Amino acid sequence: MPKDDGIGASTKRREDIRFLTGKGRYTADINLRDQAIAVFVRSEVAHGRINSIDTAAAAAMPGVLAIMTGADFASVGGNPAGWYVASRDGATMKEPKRPVLAHGKVRHVGDAYAVVVAETLEQAKDAAAAIEADITELPAIVNMADAVANADNRVHDEIENNVCFDWGWIEDNRAAVDAAFASAPHVTTLELVNNRLVPNAMEPRASIGDYDPGTQDYKLYTTSQNPHLTRLLIAAFVLGIPENKLTVIAPDVGGGFGSKIYHYGEEAAVLAASKALNRPVKWVAERSESFLSDAHGRDHVTKIQLALEKDGTFLALRTETMANVGAYLSNFATVTPTFLHGTLMAGPYKTPLVYVNVKAVFTNTAPVDAYRGAGRPEATFSIERVVDMAADELEIDKVEIRRKNLIGADQFPYTTPVGLVYDIGNYQATLDKLIELGDLAGFEKRASESKARGKLRGLGLSTWIEACGIAPSALVGALGARVGLFDAATVRVNATGSISVMTGAHSHGQGHETVFAQVVAERLGIPATSIDIVHGDTSKIPFGMGSYGSRSLAVAGSAMVKAVDKIIAKGKKIAAHMLEASENDIVFEDGKFSVTGTDKAKTFGEIAFSAYVPHNYPLETLEPGLEESAFYDPANFTYPAGAYACEVEVDAETGQVTVASFTCADDFGNVMNPMIVEGQVHGGVGQGIGQALLENTSYDENGQLLTASYMDYAMPRTTDVPFYTVDHSCVTACTHNPLGVKGCGEAGAIGSPPAVVNAVVDALQRGGYTHVKHIDMPVSPSRVWSAING
Amino acid sequence: MYNFEFVKPASIAEATAALESDGAQALSGGQTLLPTMKQRLAAPDVLVSLTGIAEMQGVCLGDVGLHIGAATPHAVVAREAAAHYPALAKLAGGIGDPAVRNRGTIGGSVANNDPAACYPSAVLASGATVVTNRRRIAADDYFQGLFTTALEEGEFITQVLFPIPQKAAYVKFNQPASRFALAAVFVAKFADGVRVAVTGASNGGVFRWAEAEAALSANFSADALAGLSVDADDMISDLHGTAAYRANLVKVLTGRAVSAA
Ligand SMILES: Cc1cc2nc3c(=O)[nH]c(=O)nc-3n(C[C@H](O)[C@H](O)[C@H](O)COP(=O)(O)OP(=O)(O)OC[C@H]3O[C@@H](n4cnc5c(N)ncnc54)[C@H](O)[C@@H]3O)c2cc1C
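Residues numbered from 1 in each chain as written. Chains lettered and ligands numbered in written order. Predicted model: local features only at pLDDT ≥ 70, side-chain atom pairs only at ≥ 80, totals over all residues. Heavy atoms only, no water.

A separate point is the side chain of D114 of chain B. Residues and elements named next belong to chain B. Its place among the elements puts D114 in the loop between α6 (106–112) and α7 (119–126). There is no salt bridge for the buried D114, and the closest opposite charge comes from R246, which lies 9.8 Å off by N-O distance. Contacts of D114, omitting those with residues within four sequence positions, involve F147 and F180. (Helix = DSSP H or I, 4+ residues; strand = E, 2+ residues; numbered from the N terminus. Buried < 20%, exposed > 50% of the residue type's maximum accessible area, 1.4 Å probe, protein only. Lys, Arg positive; Asp, Glu negative; His and termini not counted. Salt bridge = Lys/Arg side-chain N within 4 Å of Asp/Glu carboxyl O. Contact = heavy atoms within 4.5 Å.)

Residues and elements named next belong to chain B. Close to the ligand lie 27 residues; A26, G29, G30, T105 and C118 are nearest. The contact in question runs from an oxygen atom of the ligand to an N or O atom on the backbone of T32, over 2.9 Å. Interatomic distance of 2.9 Å between a side-chain N/O atom of H74 and an oxygen atom of the ligand. Notes on the ligand: free accessible area 960 Å², of which the protein chains cover 89%. (Near = heavy atom within 4 Å. Polar contact = N/O pair within 3.5 Å; in protein donor to acceptor, adjacent residues only side chain to side chain. Areas by Shrake-Rupley, 256 points an atom, 1.4 Å probe, with all protein chains shown as cover.)

All names here are of chain A. Within strand β20 (residues 499–503), five of the five residues are buried, leaving the element largely enclosed by the surrounding structure. Alternating residues of β20 divide into I499, V501 and T503 and S500 and M502, and every residue in both groups is buried. Note: strand β19 (residues 487–493) against β20, five bridges, orientation antiparallel. Along β20, the bridge assignment pairs R492 with S500. (Pairing = 2+ DSSP bridges.)

On to helix α5 (residues 174–182) of chain A, then. Residues and elements named next belong to chain A. Among all positions in α5, only V177, A180 and F181 are buried. The arc that holds every buried residue of α5, seen down its axis, measures 100 degrees, which confines them to one face. Among the exposed residues of α5, those pointing more than 90 degrees away from its buried face are A175 and A182. Where α5 is buried, its residues contact β8 (186–194), β13 (300–308), β14 (314–326) and β15 (353–362). (Arc of directions from axis to C-beta.)

Using the criterion set out here, one finds 56 salt bridges over all chains in the structure. Two residues, E171 of chain A and R174 of chain A, come together in a salt bridge whose shortest N-O distance is 3.5 Å. The partner of E152 of chain B in a salt bridge is R135 of chain B, and the shortest N-O contact between them spans 3.8 Å. Taken together, the positions of E152 of chain B in the loop between α8 (139–142) and β8 (157–162) and R135 of chain B in the loop between β6 (129–132) and β7 (136–138) put the pair 17 residues apart, joining distant regions of the chain. The class of E152 of chain B is partly exposed, set by a relative accessible area of 46%. Under the relative-accessibility criterion, R135 of chain B is labelled partly exposed at 31%. Overlapping salt bridges, with partners in common, bring together D439, R446, R453, R457, E647 and E649 of chain A in one network.

Here we take up the domain arrangement of chain B. Accessible area lost upon the coming together of the parts serves often as the stated size of an interface. All names here are of chain B. Per the domain assignment, the segments of chain B are domain 1 (5–49), domain 2 (54–162) and domain 3 (167–260). Its C-alpha centre places domain 1 at a distance of 18 Å from the equivalent point of domain 2. Between domain 1 and domain 2, the contact holds 10 residues from the first and 16 residues from the second. With both chains or domains summed, domain 1 and domain 2 bury close to 910 Å², and 61% of this area falls on carbon and sulfur atoms. A per-residue breakdown of the area domain 1 buries against domain 2 is headed by I12, S28 and Q31, which together make up 51% of the total. At the surface where domain 1 touches domain 2, the tally comes to zero salt bridges. At the boundary of domain 1 and domain 2, one finds two residue pairs in polar contact (both at pLDDT 80 or more). Here the side of domain 1 that touches domain 2 is built from residues that sort into four nonpolar, six polar and no charged. (Domains from an automatic or database assignment. Buried area = accessible area lost by both parts, 1.4 Å probe. Nonpolar A, V, L, I, M, F, W, Y, C, P; charged D, E, K, R; others polar.)

One recurring pattern in soluble globular proteins: nonpolar side chains tend to sit buried together. Counting 153 residues, the largest nonpolar core has Y422 and F662 of chain A as the members making the most contacts within it. The element contributing the most residues to this core is helix α18 (residues 747–766) of chain A, with 10 residues. Viewed by domain, this core spans two of them, domain 1 (31–138 + 202–255 + 260–293) and domain 2 (300–471 + 636–788) of chain A, each represented by three or more residues. Those residues within four positions of F662 of chain A in sequence are excluded, and the remaining contacts are Y644, A645, C646, V685, I689, P722, F723, Y724, T725, S752, A755 and V756 of chain A. One finds V46, A81, V110 and F143 of chain B within the second-largest nonpolar core, a separate group that totals 51 residues. (Core = buried A, V, L, I, M, F, W, Y, C linked by side-chain atoms within 4.5 Å.)

Written out as structure tokens, the structure is:
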């Protein structure tokens, strides 16, 4: 049994006490003395040329302190794309500058072109309404196929056909893949949409710029998943503030799901306004601004083909995808549909030949970027849907077609045809576990019970894999990343033995404060209660890359373990000195340093105290203090994998789909806190069910967002999801990080959408509606009914 | 939100006087009006709260049947109408979430006449009487299309009087996002015939489905609806459902309401 606060214990989340009692400190909760309030003026048209912006009347209104427009930022840098992706013909990526405030043109509804700073929110709003912008509306480019076909109407005047890049992966394999298709006994073809999602973090974005005229230091409080990255972007690219003159603080953050990875113009604007006014400037987004201006997720239109033997053996797979990047390149917009998507198109299968083509397309819509799962849900959905469809066409059992093609447990490390090396896994084991846990054998009985109640029951499977623990810097660098993806930790043992761990990861709901403390506690043999995890403040933490891509424990956690191991090594030195023994004879166990074979020992606390009261240290060989830092750059991605089963009931008269059960058998490697892992899976599957059944981001032909509030954008609620059955007992420990962990944050959102849609199609097929081969997400009642009656 | 004055009269007479001033608007539960004001889409100069008027509160039996004060929150109706008019209580208990049900009121809902709101279908199917500070209006004369009613300037609802049917049921199909009615049907069977009111579905707002009423008055069973249909041309088509889909829902839900009544 694990100790109740060590590795493997379901320790309750210490941060929940403050979150659940209203004592969290979010950016909007921070009020600085003398702060002014910023309101952004946003475009009401999707596409337009800005002729002039008259701010005179607004500037004269009560309480107004400053008004800035795009022109004020015309000379500063642009917010860059973090990843270079070349086209398959070698053409360079089209990279329009992303301004702080729109200048020259507005490019989507919600594109901010001015900011008003006033004493109060109401005054700022009044003045914002008085700004007169003369904007000539241009035809909106909304649909990707139209965007590509129309050479004259351009989101960015300099980018023909609105194509950012046309990427092939792996281009050299294309001919072989096409040849395999030409001679294949069976080809299944599916066209599908991966629906655009609005992230909807519970906490809307917020930023406070705070310039200190005395020291000329800037502080930015902001809703960020990665404060150091935000600082780097603002310093090096956008405002040119020296990095050492800018502190970025991401305090408690209420969810991100990817949308708070990126640097947004509002952050730069409040900093610049604060400098101009010598006062703190605060902005808090309203929910409608979140809908219009947070980076959205997904939005792929894909044609996928699977070539098979008649017995169901996969021969080759190819896809053509158009990925919407919206009006501007958000920081990871270019990698999400490419290297986080194309490299996963082998899935957990032995498919020998795979080719992926992705065109990234600019449209007059909000920017699109990574959202929980980022590229991998899109890959998984396409693969798992086409596998089901092939099974139907070839009349092969859905479990059997998967089992036949899964990579064998004895085949690792496994090199895929799309450039990854899976270090370890056992996909048959999770599939077997799923069959048992989900009682797949009992399905027919449950289906007849449903039938007795007038409902069609369906079973949908998904066997999935993801690449997490982003990422080996050398590998991603070779693939075009403009950043390294290591992480960092500093472990500071205080004189009295309490410990502060400064981590480059950022917790915005994940529970790092609890889990990271568990890991350190286990390693050092001291209670977790004497360990604090510090994150989110660039003036306190080492340079790390933040949290996304299920990387926190696998990468930042590994850095932390490395730093803890350095503490132990240093502790041994100190112990050797104190105990007058050789360093090689010191062993560390259960929080005690002892001399092997003797009863001479010092506790961890005694060592810590001595480190700061070094009265008789041999200073040439032993430094005082007990503080160590480590950087960790992973050797490979981690590859969590699993098998999911969803059962739905469909009311054929209304098209209503109810999720009757959802079972997950996951392999996350070693599990540090089972309760938190389960919570992450629950949340991820909930989001996946949301994508599959409810969430629909819809722009009309003029580029107006039709689903710009919760009146029309359907979020999953507790009543939309079942009680989940989740299991993570099938463990193959990651081979290349010290904890053997793989990451669990995105799994649910990656694996679940195809299971849900597969279940709905299965229910309809079993119910005799055999003409229904596919329904695009969200599988709404209206769409199901139309499919049945179509 | 823009600035406004706030008054809270204690009687219908005082409220009538207050609502005569320019730019005055009635405020009941505020579940519709306040969000609109927060978005600066409405800017009344004076808000006249109707929630402090004793005669406009509560549920009781009276000469017409069940009399409900216009400022009675949905949660109170859900609780207090249950013994007398279960279908109406169930409708009230299915509106929004607990916060909405504890603030939002029947008067606000009936005055607003949102095409996707629940209450208008109950008022129309019950043949209820809408009582105002000036007159009594029969349900059939009261609803006049989307967000449009017979209420005049300065007129406000004080009570809604519901005849109690022999049998009734309300079946609502939620719009997936707002959980208002994508389509919903209230069926009420009285000694002298059946009334069927449909909300959520039509371009014209809440309406009575005359053919279904005739068929059900002759034979109160779901089978009686076979062969009937509402005209899809009159139905709303939006992201959440096509007109044909809503027409289908109207029929399916009517059948289910009859079975549940
Ligand atoms: C999250 C949410 C979910 C909801 N879900 C549903 C649902 O499922 N079904 C549903 O039917 N409704 C739903 N509603 C609407 C809810 O029922 C409102 O309470 C109702 O529509 C308005 O009632 P109110 O008392 O809040 O009115 P208010 O918001 O105070 O007023 C609404 C309008 O009516 C006027 N008014 C108010 N009282 C009177 C009166 N006595 N006489 C004349 N005019 C008056 C006001 O001037 C205003 O124009 C929902 C609302 C929310 C916020």
